[in-house]
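In case you want the letters, here they are:
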Amino acid sequence: MKPMGPIPPEFAAQTGALTIAGRSAETWMEGREGPVFVYDPAIVASRVARFRAAFPSIDLHYAIKANPFVPLLAAMAAMVDGFDVASAGELAKVAPLGKPVSFAGPGKRDAELTAAIRAGVTVNLESEGEARRALSISEGLGVRPRLAVRVNPDVELRGSGMKMGGRPSPFGIDAERVPPLVRELIVAGADWRGFHIYAGSQALDPQAIIDTQGATIALAARLADAAGATPPLVNLGGGFGVPYFAGDKPLPVETVGAALERALATRPAILGDSRFAIELGRWLVAESGVYLARVIDRKDSGGETFLILDGGLHHQLAASGNFGTVVRRNYPLAVAHAMGAEPVETVSVVGPLCTPLDRLGDRVALPVAQVGDIVAVFLAGAYGATASPSAFLGHPPAAETLGAPA
Ligand SMILES: *Cc1c(COP(=O)(O)O)cnc(C)c1O
């Protein structure tokens, strides 16, 4: 038997039939041909409320690549201060929602820069070449562009699942080259919006985040001093993680918030008039989502029992351990009609794909599930449906649905 990660608090205390956003898993699956992702907006709202209480003076942006399901974005428009996008496709999803938008990501095509500049979006510049293209496109359009500079920081987020700073990188501009570029943007007449500094993802150690945020503020001040200009906004990145695996502890965001508010209270003078933002994806939405799939077959082989589902890594790649993890470990799973029941057997939960990678639970202890029963995979609200290879092997995509607001 191998352990599973912790079921998120909103579901962990349930007994009997699993309910998500007030309806049972069976009800959510009714009339469907296959698996579904269900997202509970009340859980997102509770994470937002927790962030607001912990970070009273910081703007909250949602990085939509974590979950770009349009009804969820519409619900979140009322909760966050802005959206961060990373393609023209993502921009098209948030543009109708009327919130401030910033656009990061390497390799923005001219058509993408044009769409963003036309829409008044803040473009987080990833290179000097991109800066020059943005300026020349703006001139052609006769528009004053909103441009921020993404910095490849000389700090990294310790213990983060995916490090994105402190080394040669396709993301951002090396710190020492940033001040001359800022001066060039200002001289060219652009509306310089400030800095974007993103150091990593999926961090659960509060002290690592506190140290990174402190170093990020110091870096922003150093760059602003060298450029001789106060950034209107410093986007401090994010990287708040959620507990996926056995032994993971939830991030005490209150500790991080208190430290950041203290650091900002004594910030360098050049940042005196700056606003600060944190951009989060996973932490806001991961725990709100549950992936539901049905048992198609039960079989024994070599003394092991396999539950074969009608869904797998083509819908929820991350739970198979093939999205950004080095060692495969089990996400939390449950048999949907038997929440809180004692586990009675050890089974491997696999999908229908013809590859041994398609394993959602490796020798996990569960109550008995028969053919036709529903298995729930938790933590499916971030990097699920759109971060999975849905065309691989030609099965239909999973459905997605949003629960009613609380
Ligand atoms: C992916 C990404 C995020 C969101 O990361 P999470 O780990 O989901 O919070 C935020 N900012 C940038 C620039 C990103 O690329």
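Calculation notes
Residues numbered from 1 in each chain as written. Predicted model: local features only at pLDDT ≥ 70, side-chain atom pairs only at ≥ 80, totals over all residues. Heavy atoms only, no water. UniProt positions renumbered as here; feature names shortened; annotations may be inferred. Helix = DSSP H or I, 4+ residues; strand = E, 2+ residues; numbered from the N terminus. Buried < 20%, exposed > 50% of the residue type's maximum accessible area, 1.4 Å probe, protein only. Pairing = 2+ DSSP bridges. Right-handed = clockwise from strand over helix to strand, strands pointing away. Axes fitted to C-alpha atoms, helices over the stretch in contact; angles between N-to-C directions. Parallel < 35°, antiparallel > 145°, perpendicular 65-115°, else oblique. Left-handed = near helix turned anticlockwise from the far one by under 90°. Contact = heavy atoms within 4.5 Å. Nonpolar A, V, L, I, M, F, W, Y, C, P; charged D, E, K, R; others polar.

A short note on the UniProt feature "active site" (unreviewed entry) in the chain
In this numbering, the UniProt entry assigns the feature "active site" (unreviewed entry) to C354. Position of C354 among the secondary structure elements: in the loop between β18 (345-350) and β19 (359-366).

With respect to the pairing of strand β5 (residues 82-85)
Residues of β5 alternate between two faces, with G82 and D84 on one and F83 and V85 on the opposite face, all of them buried. Here three bridges tie strand β4 (residues 59-63) to β5, and the two strands are oriented parallel to one another. Across the sheet, the residue bridging to H61 is G82, located in β5. Tracing the backbone out of β4, into helix α4 (residues 70-77) and back to the parallel element β5 gives a crossover that is right-handed. The sheet contact formed by β5 and strand β6 (residues 101-103) spans three bridges and is parallel. Considered in β6, the bridge of D84 is made with S102. Remark: the β5/helix α5 (residues 88-94)/β6 crossover connection has right-handed handedness.

Brief notes about the packing of helix α8 (residues 178-187) against helix α9 (residues 206-227)
Orientation of α8 relative to α9, taken along the N-to-C sense of each, is 55°, at an axis distance of 8 Å. In terms of axis orientation, α8 runs oblique to α9. With respect to the hand of their crossing, α8 and α9 are arranged in right-handed fashion. Touching V178, P179, V182 and R183 of α8 are L223, A226 and A227, all from α9. Of the residues belonging to the contact of α8 with α9, the class tally is six nonpolar, no polar and one charged.

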